[in-house]
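The chain contents come next:
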Amino acid sequence: MFNLLVVSRVVTRDCKSHKMNILFSSACFVLTCFQLGSLRTVYAAAAMAGKHLSSGSTDPPLVAGKIRLYSMRYCPYSHRAHLVLLAKNISFDPIFINLKIKPEWYTNTVPSGKVPALLVDGQIVSDSLIIADYLDESHSQRPLHSKDPLQKAKDRIIIENFGKVTGPFYKVMTGVNASVEEYEHVVKELIPFDNELAARGTSFFGGDKPGMVDYVIWPWFERIQMFKILHGDQFVFPAQRLPNLAQWISRMTADDAVQQYYLSPEKHASFMKTQQSGNPDYDILTRE
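Description of the structure in this document. The shown structure was predicted, so the numbers you read here are calculated from the model rather than taken from an experiment.

Some words on unusual backbone geometry
And step 1. With an omega of 0°, the peptide bond running from Val115 to Pro116 counts as cis.
And step 2. For Pro116, the location among the structural elements is in the loop between α3 (104-109) and β6 (117-120).
And step 3. Despite not being glycine, Asn89 has its phi angle at roughly 55°, a positive value.
And step 4. Look at Asn89 and you get partly exposed, because its relative accessible area is 29%.

Written as structure tokens, this is what we have:
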């Protein structure tokens, strides 16, 4: 993917699959890469695999020139915000929050205590989809929403309908003894999305490259691949029933923004097992 790498960087890729030695650190670095023949700068932070702040901690000082994003490393809704920031190449400062033992300062800053939350000019923007829209509208580079009002409306309907997937998905993801019937519910809810992609006749929902729809639904597809690890062979992704989504998953996995924040099914499963036990280990990545 990268022709030229300037080390002193941290990315959340699976080191083995990319056959690269990656330096993990607690500081933020600038990754300069030469991709597809053009030089670009991508801000990649060691905090992508960093420690989650909990009760008794202090809110880290703001970084000049960077948007502050509060999130949780394994939260699919936070994942949305990270992908939009990365896809649009927006410089940001990620701070991870321990959602079980939340810092006092965080609930003072974000009364709901939820993630993700974006701090912009001293003001909080919350809700993953609102954050995504704000970032796309406030930063003109690499537009993710269609410029065509009708197409944008259709895309919003698709995103809204994805809510039918997330409920049953959560049951399978967090359930210690998830049933095949529960997984079948997830698969049935995905069929309309497979059909929609076929109807569009494009590689991505956004056309020839990922757009807003692609990035805001991707977090669940990255996680669905851990179901087999958690629950067994009957929970493998049904590529024959969802052929268009199967190809889309392969294309999305190769996307630059996705790769920068990507975790393997094994890593997702490792965390989920700790959550299923009732004692989520938010910092499991920092010890690998």
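Notes on the environment of Leu118
And step 1. Along the chain, Leu118 falls in strand β6.
And step 2. A sequence separation of 16 residues divides Leu118 from Tyr134, and the C-alpha atoms of the two residues are 9.9 Å apart.
And step 3. Excluding its chain neighbours within four sequence positions, the residues that come into contact with Leu118 are Ile67, Arg68, Leu69, Gln123, Ile124, Val125, Ile131, Tyr134 and Leu135.

Topic: the pairing of strand β7 (residues 123-126)
Taken residue by residue, a regular strand's side chains alternate between the two faces of the sheet.
And step 1. Sheet topology note: the β6/β7 ladder contains four bridges and is antiparallel. Counted as the bridge partner of Leu119 is Ile124 from β7.
And step 2. Counting the residues between successive antiparallel strands, the hairpin from β6 to β7 contains two residues, one of them, Asp121, with a positive phi of roughly 50°.

Examining the packing of helix α2 (residues 76-87) against helix α4 (residues 128-138)
And step 1. Where α2 meets α4, the axes come as close as 9 Å, and the angle between the chain directions of the two elements is 10°. Considering their axes alone, α2 and α4 lie roughly parallel with respect to each other. When α2 is examined against α4, the residues Tyr77, Arg80, Ala81, Val84 and Leu85 are found in contact with a partner set consisting of Ser128, Leu129, Ile131, Ala132 and Leu135.
And step 2. In terms of residue class, the contact of α2 with α4 is made up of eight nonpolar, one polar and one charged.

Here's the deal with the packing of aromatic side chains
And step 1. Under the defined criterion, the tally for this structure stands at 15 aromatic pairs.
And step 2. Ring pairs connect the aromatic residues Tyr77, Phe162, Phe193, Phe205, Trp218, Trp220, Phe221 and Trp248, which therefore count as one cluster.

Considering the sheet that holds β7
And step 1. With mixed pairing, the five strands of this open sheet are ordered in space as β3-β5-β4-β6-β7. Strand pairing shows two members of the sheet lacking a second neighbour, β3 (52-53) and β7, which therefore form its edges.
And step 2. Two strands pair when backbone bridges link them, and strand β4 (residues 67-71) and β6 are joined in this way by three bridges, in the antiparallel orientation. Residue pairing in the sheet places Arg68 in a bridge with Leu119 of β6.

Comments concerning the layout of surface pockets
And step 1. Of the volumes computed, that of the largest pocket is approximately 490 Å³.
And step 2. If you trace the largest pocket, you find 24 residues lining it, with Cys75, Pro76, Tyr77, Leu99 and Val115 closest to the centre.
And step 3. Going through the elements one at a time, α2, α4, α6 (163-174) and α12 (265-276) are the ones with two or more residues in the lining of the largest pocket.
And step 4. Residue contributions to the lining of the largest pocket peak at four residues, all from α6.

Some thoughts on α4
And step 1. For α4, every residue scored as buried is listed here: Ser128, Ile131, Ala132, Asp133, Leu135 and Asp136.
And step 2. One side-chain oxygen of the residue at the start of α4 lies 3.1 Å from the amide nitrogen of Leu129, identifying that residue as Asp127.

So, the packing of α6 against helix α8 (residues 212-224)
And step 1. Interaxial distance between α6 and α8 falls to 12 Å at its minimum, and their mutual angle equals 30°. One finds that α6 runs roughly parallel with respect to α8. As α6 packs across α8, the resulting crossing turns out to be left-handed. Across the interface between the two elements, Thr166, Phe169 and Met173 from α6 touch Trp220, Arg223 and Ile224 from α8.

Observations concerning the side chain of His52
And step 1. Summarising the element assignment, His52 is placed in strand β3.
And step 2. Judged by relative accessible area, His52 falls into the buried class, the value being 3%.
And step 3. In this structure the side chain of His52 is engaged in a polar contact, spanning 3.2 Å, whose partner is the backbone oxygen of Tyr282.

A short note on the side chain of Thr274
And step 1. Note on placement: Thr274 falls in helix α12.
And step 2. For Thr274, a relative accessible area of 16% puts it in the buried group.
And step 3. Engagement of the side chain of Thr274 in a polar contact is seen with the backbone oxygen of Phe271, the distance being 2.6 Å.
And step 4. When neighbours within four sequence positions are excluded, Thr274 is seen to be in contact with Asn279, Pro280 and Asp281.

Rules used in this analysis
- Residues numbered from 1 in each chain as written.
- Predicted model: local features only at pLDDT ≥ 70, side-chain atom pairs only at ≥ 80, totals over all residues.
- Heavy atoms only, no water.
- Helix = DSSP H or I, 4+ residues; strand = E, 2+ residues; numbered from the N terminus.
- Buried < 20%, exposed > 50% of the residue type's maximum accessible area, 1.4 Å probe, protein only.
- Contact = heavy atoms within 4.5 Å.
- Pairing = 2+ DSSP bridges.
- Axes fitted to C-alpha atoms, helices over the stretch in contact; angles between N-to-C directions.
- Parallel < 35°, antiparallel > 145°, perpendicular 65-115°, else oblique.
- Nonpolar A, V, L, I, M, F, W, Y, C, P; charged D, E, K, R; others polar.
- Phe/Tyr/Trp six-rings, centres within 6.5 Å; stacked < 30°, edge-to-face > 60°.
- 1 Å grid on protein atoms, 1.4 Å probe; cavity = no way out; pocket = protein on both sides within 12 Å on 5 of 7 lines; lining within 4 Å.
- Points joined across faces, edges and corners; volume = space filled by probe spheres on them.
- Polar contact = N/O pair within 3.5 Å; in protein donor to acceptor, adjacent residues only side chain to side chain.
- Left-handed = near helix turned anticlockwise from the far one by under 90°.

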